[in-house]
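# Fold and contact review
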Amino acid sequence: MGGPAREWGRGTGEEGEDLPERLDLKADCANCFGLCCVALPFAESADFAVDKDAGEPCRNLLADFRCGIHANLREKGFQGCTVFDCFGAGQKVSQGTFGGRDWRRAPEVARQMFQVFPVMRQLHELLRYLDEALALPPAEPVRGEVRRALDDVVRLTGAGPAELVDLDVAAVRERVNVLLLRVSELVRSGVPGRPKSMRGADLIGAKLTGADLRGADLRGAYLIAADLRRADLRAADLIGADLRDADLRGADLTGAVFLTRAQLDSARGDSRTRVPAALGRPAHW
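Residues numbered from 1 in each chain as written. Predicted model: local features only at pLDDT ≥ 70, side-chain atom pairs only at ≥ 80, totals over all residues. Heavy atoms only, no water.

## Structural notes on a negative patch on the surface
What counts is decided by this rule: Each patch groups residues whose relative accessible area exceeds 30% and which form no salt bridge, using 9 Å between like charges and 5 Å between nonpolar side chains of Val, Leu, Ile, Met, Phe, Trp and Tyr. All accessible-area figures derive from a Shrake-Rupley calculation using a 1.4 Å probe, and residue coverage is judged against the displayed protein chains alone. For salt bridges, the criterion is a side-chain nitrogen of Lys or Arg within 4 Å of an Asp or Glu carboxyl oxygen. For this count, His and the chain ends are skipped, Lys and Arg are scored as positive, and Asp and Glu as negative. Think of each charge as sitting on NZ of Lys, CZ of Arg, CG of Asp or CD of Glu. Working definition: helices are DSSP H or I runs of at least four residues, strands are E runs of at least two. Numbering for both runs from the N terminus.
A cluster of acidic side chains, namely Glu 44, Asp 51, Asp 53 and Glu 56, defines a negative patch on the protein surface. Structurally, the position occupied by Glu 44 is in the loop between β2 (18-20) and α1 (79-82).

Dropping the structure here:
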């Protein structure tokens with residue numbers, strides 16, 4: 001295994017402004033002990049070929065914590081693995097929280113490690129959204145609050161195993177979500193004639209070809225297998241939206257708020273699909 005994942009520190013911006021250094025929010029599987037392949041359960045479905053209980057190693061996990069079918073996950077019936085993102089929580093737990101002790105050589109930490117991982121994953125997901133919010137120009141009125149919230153969550157990720165297991169992560173998510181909603185409103189308020197809120201809407205299989213969804217509130221919307229070809233999703237809030245098998249061919253998602261690479265990986269697109277530069281285009285498109 002490699003060395004410890006980089007910890008967070010503090011930096012100084014222009015005119016002495018105190019800013020957080022770049023956050024380590026990308027999965028680094030080489031510094032993780034295969035936690036997503038062990039700690040999390042999955043059920044036999046279109047996403048997974050078999051059932052697996054939490055704490056049970058996936059049958060495809062090798063002795064060195066690599067996936068034995070990583071290059072053929074979709075073909076082998078493990079599409080769900082290709083759209084999962086721990087946002088860097090795996091290496092944080094493996095190399096930070098547990099100081100490089102792995103659950104195979106130190107079985108006494110296994111149970112607690114598997115309990116900590118899903119908590120850390122949620123905290124890192126919040127950091128991912130707060131980090132994005134901090135960089136959005138329309139969020140200037142609440143930037144100070146966003147920075148304080150980010151610092152608070154960073155501090156939580158540095159807690160010990162027992163404290164993390166007992167953490168009321170739902171309460172943390174609720175506090176951060178209130179702030180992210182304000183950021184979303186500030187971003188979308190600049191879009192004239194934006195559609196009414198579709199937050200949590202059931203849009204499974206919906207025919208939305210060429211739809212003008214600029215500035216739409218699609219938080220938690222079910223867009224599974226929706227036809228979004230050539231749809232305009234600029235500045236739309238897509239946090240938590242389920243885009244599995246959604247057809248995004250020719251769609252424009254530039255400037256979409258709180259969109260993740262995992263969401264894009266779960267959808268279908270093509271060379272005409274416009275996505276935020278920071279996310280990039282999935283290889284299977």
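## Thoughts on the pattern of salt bridges
Which entries qualify depends on this criterion: The buried label goes to any residue with under 20% of its type's maximum accessible area, the exposed label to any with over 50%, and the partly exposed label to all in between, with areas taken from a 1.4 Å probe on protein chains only.
All chains considered together, the criterion is met by 23 salt bridges. The partner of Arg 105 in a salt bridge is Asp 102, and the shortest N-O contact between them spans 2.6 Å. Take Arg 105: its relative accessible area is 68%, and that puts it in the exposed class. Overall, Asp 102 belongs to the buried group, its relative accessible area being 3%. For the salt bridge of Asp 242 with Arg 244, the shortest nitrogen-to-oxygen distance reads 2.8 Å. For Asp 242, a relative accessible area of 17% puts it in the buried group. Beyond isolated ion pairs, a larger network of salt bridges with shared partners links Asp 212, Arg 214, Asp 232, Arg 234, Asp 252 and Arg 274.

## Quick notes on the packing of aromatic side chains
Using the following cut-off: Note on aromatic contacts: the rings of Phe and Tyr and the six-membered ring of Trp form a pair at centre separations within 6.5 Å, being stacked when their planes are under 30 degrees apart, edge-to-face when over 60 apart, and tilted otherwise. Counting as a charge over the ring demands two things of the Lys NZ or Arg CZ atom: a distance within 6 Å of the ring centre and an angle within 35 degrees of the ring normal.
Under the defined criterion, the tally for this structure stands at 6 aromatic pairs. Between Trp 103 and Phe 114, the aromatic rings sit 5.7 Å apart at their centres with planes inclined by 65°, giving edge-to-face as the arrangement. Taken as a pair, Trp 103 in the loop between α2 (89-97) and α3 (110-135) and Phe 114 in helix α3 lie far apart in primary sequence, 11 residues in all. A ring pair is formed by Tyr 129 and Phe 258, whose centres lie 5.6 Å apart and whose planes are at 75°; its orientation type is edge-to-face. Remark: Phe 258 occurs in the loop between α6 (169-188) and α7 (261-266) and Tyr 129 occurs in helix α3; sequence separation between them is 129 residues. Like Phe 258, Tyr 129 is buried. Members of the aromatic cluster, connected to one another through ring pairs, are Phe 33, Phe 65, Trp 103 and Phe 114. Here the basic side chain of Lys 52 rests over the ring of Phe 42, its NZ or CZ set 5.5 Å away from the ring centre.

## Digging into the packing of α2 against α3
Inclusion rule: Angles shown run from 0 to 180 degrees and are taken between the N-to-C directions of axes, each axis being a line fitted to C-alpha atoms and, for helices, limited to the stretch in contact. Note on terminology: angles under 35 degrees are roughly parallel, angles over 145 are roughly antiparallel, angles of 65 to 115 are roughly perpendicular, and the others are oblique. For any pair of crossing helices, the crossing counts as left-handed if the nearer helix is rotated counterclockwise from the farther one by less than a right angle, and right-handed if it is rotated clockwise. What makes two residues a contact is simply this: any of their non-hydrogen atoms within 4.5 Å. Lys, Arg, Asp and Glu make up the charged group, whereas Ala, Val, Leu, Ile, Met, Phe, Trp, Tyr, Cys and Pro make up the nonpolar group; the residues left over, Gly among them, are polar.
One can describe the packing of α2 onto α3 by two numbers: an axis separation of 8 Å at closest approach and a directional angle of 130°. Put simply, α2 runs oblique to α3. Crossing handedness for the pair α2 and α3: right-handed. Taking contact as the criterion, the partners of Ala 89, Gly 90, Lys 92, Val 93 and Thr 97 in α2 are, on α3, Met 113, Val 116, Phe 117, Met 120, Arg 121 and His 124. Taken together, the residues of the contact of α2 with α3 break down into 6 nonpolar, 3 polar and 2 charged.

## A look at the environment of Thr 157
Using the following cut-off: Side-chain atoms alone can form a polar contact between residues adjacent in sequence; in general such a contact is a pair of N or O atoms within 3.5 Å, and within protein one must be able to donate a hydrogen while the other accepts it.
Inspection of the secondary structure puts Thr 157 in helix α4 (residues 143-157). When its relative accessible area of 1% is taken as the criterion, Thr 157 is described as buried. Sequence separation of Thr 157 and Leu 203 is 46 residues, and the distance between their C-alpha atoms is 35 Å. Reaching out from Thr 157, the side chain makes a polar contact with the backbone oxygen of Val 154 at a distance of 2.6 Å.

## Overview of the side chain of Ser 184
Looking at the secondary structure, you find Ser 184 in helix α6. The exposure class assigned to Ser 184 is buried, which follows from its relative accessible area of 1%. For Ser 184, the side chain forms a polar contact with the side chain of Arg 188, separated by 2.9 Å. Apart from residues lying up to four places away in sequence, Ser 184 is in contact with Asp 237 and Phe 258.

## Points about α6
This is how the line gets drawn: Take the residue count of a helix, subtract one, and multiply by 1.5 Å to get its expected span.
Spanning 20 residues, α6 covers 28 Å between terminal C-alpha atoms, matching the ideal 28 Å at 1.5 Å per step. Regarding α6, the residues found buried are Val 169, Val 172, Val 176, Leu 179, Leu 180, Val 183, Ser 184, Val 187 and Arg 188. Buried residues along α6 sit against α3 and α4.

## Considerations on the state of the cysteines
The criterion, for reference: Disulfides are defined as cysteine sulfur pairs within 2.5 Å.
Throughout the structure, instances matching the rule amount to 0 disulfides. No disulfide involves Cys 86; its sulfur sits 6.2 Å from the nearest other cysteine sulfur, which is in Cys 32.

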